[in-house]
Amino acid sequence: MYFCGSKKYTYMSQRTKIKALLQSQQTDIDVTVKGWVRAFRSNRFIALNDGSTNNNIQIVVDFENTDPALLKRITVGAAISVSGKLIASLGKGQTVEVIAANIDILGDSDPEKYPIQPKKHSLEFLRENAHLRFRTSTFGSIFRLRNSLAFAVHQFFQERGFVYLHTPVITQSDAEGAGEAFHVTNFDLNNIPKTDTGEVDYKQDFFGTSTNLTVSGQLEGELGAMALSDIYTFGPTFRAENSNTTRHLAEFWMIEPEVAFNDLDDNMDLAEDMLKYVIKYALDKNPDDIEFLTQRLQEEEKQKPQNERSEMSLLEKLQFCLDNDFERLTYTEAIDILKESTPNKKKKFQYPIEGWGTDLQSEHERYLVEKHFKKPVILTDYPKAIKAFYMRQNEPDAQGRETVRAMDILFPGIGEIVGGSQREERLDKLEQRMDEMGIPKDELWWYLDTRRFGACEHAGFGLGFERLVLFVTGMGNIRDVIPFPRFPKNAEF
RNA sequence: UCCUGAGUAGCUCAGCUGGUUAGAGCAUCUGACUGUUAAUCAGAGGGUCCCUGGUUCGAGUCCAGGCUCAGGAGCCA
């Protein structure tokens, strides 16, 4: 426990973290190190890890002069404390090692029962052991990177004077229509109060109304931006969609900046700057983890046929992303490119491009990003009919086609990582659109008030944090980049 | 939710057209060895073949239904 007060507490009693030991310029010094045993070889060499880095420190045990009963308890997964001398390593493979003078077993780990072995495990198996998977090199690296990215997000916005706004997790309506919401209720589900007409009587529920978990903080975010100018949210978001993919979670973290007086171009600049900033931060802060995951991905790609392997390594992909401007084009331009594309002409698309107005399929987005431009792409000005009610309407073009000021950022291997728009600030246009789409205006009276009192141009976007972590770690399944994933048929841990 | 594939030892997997006692590598245990890096060598233990039902003299294998997982699609971030 760490207390603030008149007395000073050291919260790491004489323990040196392994990251610091491995970087130590000094040798022949006495140290104490604590961690979990990753491997114990030849009764002599302990690979010890404490999570401060993906590298282990080697502990050398004088087994001939150590109690055999103690040696038997140095098993994979055990927590131990070692004090001894840090020396330049006598063997190859590491620069320094600790010659153990004293070893304490802090917590035993029964080798017959401990599931994590010093070998390759499948990601599926580790997902079933999510409580222990932090102890593997891969997941250690993933969650250190996730931490760095989260911190970098805050630092990016804080440096620019944004206000971190906490939007509610429990909301009254699913007005945005951004997917199915989870209901929140305090009713006894075996005895739900009904009205005379047989409908659920929400008046008797905790909030006196039907409530659910938030599907987006955007609408509340806009309220903040209409006074604080520049805000962002960063919190959990919930969707009850029955999505079974490598890119969807029922509980995920979303970053949603909302900026007054910004138009769509400003919005795109902000999103691109932010993505580059946080990726650069991760590269600078966690080079060892990126390096490890780069190698992991290379090993994994060796299993694939040649034509499915990616041209760039993970490290190269991240660097490439920093060094190049994202390609910006309109939906209409994208349709023209797709129409003229080889796969479309050769009828290789499962959904051929037939005309203007329908939404792009995953295969089309992948073609644009991975084959045509070979870099991140920002698509703008989508057809009005396929986008949300709050997006600002453009003037119809010469052919009478109606679009809105939307933007989607598409990343290689991930697809849509950011979705955003300039918002419709004109009350009449907004109300008309809500009527057309059947959005209840009375429930959103507070949202419409921002258009009644001091409305102004503004824009924002939503970034799926796990999709960003997917990209930076090079992992293939979104369930592996959040500590305890929530998805259909699974809420374990 | 749809399509495809999978479920066999703690893990990763093999098991052919149904046929005695279901196999391998790694892990574990015992012993040997001791500057190892996925240590090595010898031996041992370890199975509800996902579940339920069916066909058959006989089912890990065939059929039906279900459950779970993976990949792809849809929805989206």
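Residues numbered from 1 in each chain as written. Chains lettered and ligands numbered in written order. Predicted model: local features only at pLDDT ≥ 70, side-chain atom pairs only at ≥ 80, totals over all residues. Heavy atoms only, no water.

*Asks:* Describe in detail the protein's contact with RNA strand B, supporting the description with residues and values.
*Replies:* Contacts to RNA strand B come from 49 residues, most closely from Lys-92, Thr-245, His-248, Gln-361 and Arg-467. In RNA strand B, atoms within 4 Å of the protein come from the sugar-phosphate backbone in 50% of cases. Glu-97 is positioned with one of its side-chain polar atoms (N or O) 2.8 Å from a base nitrogen of RNA strand B. Note that a phosphate oxygen of RNA strand B is positioned 2.8 Å from one of the side-chain N or O atoms of Ser-122. Where the surface near RNA strand B is concerned, the elements lending two or more residues are helix 3 (123-128), strand 11 (251-260), helix 11 (362-372), strand 15 (415-422) and strand 16 (458-464). A total of four residues in the surface near RNA strand B trace back to one element, the largest contributor, which is strand 15. Here the residues of the surface near RNA strand B sort into 12 nonpolar, 20 polar and 17 charged. (Near = heavy atom within 4 Å. Polar contact = N/O pair within 3.5 Å; in protein donor to acceptor, adjacent residues only side chain to side chain. Helix = DSSP H or I, 4+ residues; strand = E, 2+ residues; numbered from the N terminus. Nonpolar A, V, L, I, M, F, W, Y, C, P; charged D, E, K, R; others polar.)

*Asks:* So what's going on with unusual backbone geometry? Residues and values would help.
*Replies:* Even without being glycine, Ser-229 reaches a positive phi, approximately 70 degrees. Mapped onto the secondary structure, Ser-229 falls in the loop between helix 5 (218-228) and strand 10 (230-238). According to the relative accessible area criterion, Ser-229 is partly exposed, its value standing at 25%. If you check the backbone angles, Lys-374 has positive phi at about 55 degrees while not being a glycine. You can see Lys-374 is positioned in the loop between helix 11 and strand 13 (377-383). (Buried < 20%, exposed > 50% of the residue type's maximum accessible area, 1.4 Å probe, protein only.)

*Asks:* Tell me about the packing of helix 7 (residues 287-301) against helix 8 (residues 314-323), residues and numbers included.
*Replies:* Packing of helix 7 against helix 8 brings their axes to within 8 Å, and their N-to-C directions diverge by 120 degrees. When the axis of helix 7 is compared with that of helix 8, the two are oblique. Of the residues in helix 8, those in contact with Ile-290, Leu-293, Thr-294 and Leu-297 of helix 7 are Leu-314, Leu-315 and Leu-318. (Axes fitted to C-alpha atoms, helices over the stretch in contact; angles between N-to-C directions. Parallel < 35°, antiparallel > 145°, perpendicular 65-115°, else oblique. Contact = heavy atoms within 4.5 Å.)

*Asks:* How would you explain the pattern of salt bridges if you had to name every residue and give the values?
*Replies:* Counted according to the given criterion, the structure contains 30 salt bridges. The residue Arg-433 makes a salt bridge to Glu-436 at a minimum N-O spacing of 2.5 Å. Here Arg-433 and its partner Glu-436 are both found in helix 12 (residues 427-437), three residues apart, which amounts to about one turn of the helix. A relative accessible area of 9% means that Arg-433 is categorised as buried. (Salt bridge = Lys/Arg side-chain N within 4 Å of Asp/Glu carboxyl O.)

These results come straight from atomic positions and should not be treated as a statement about function.
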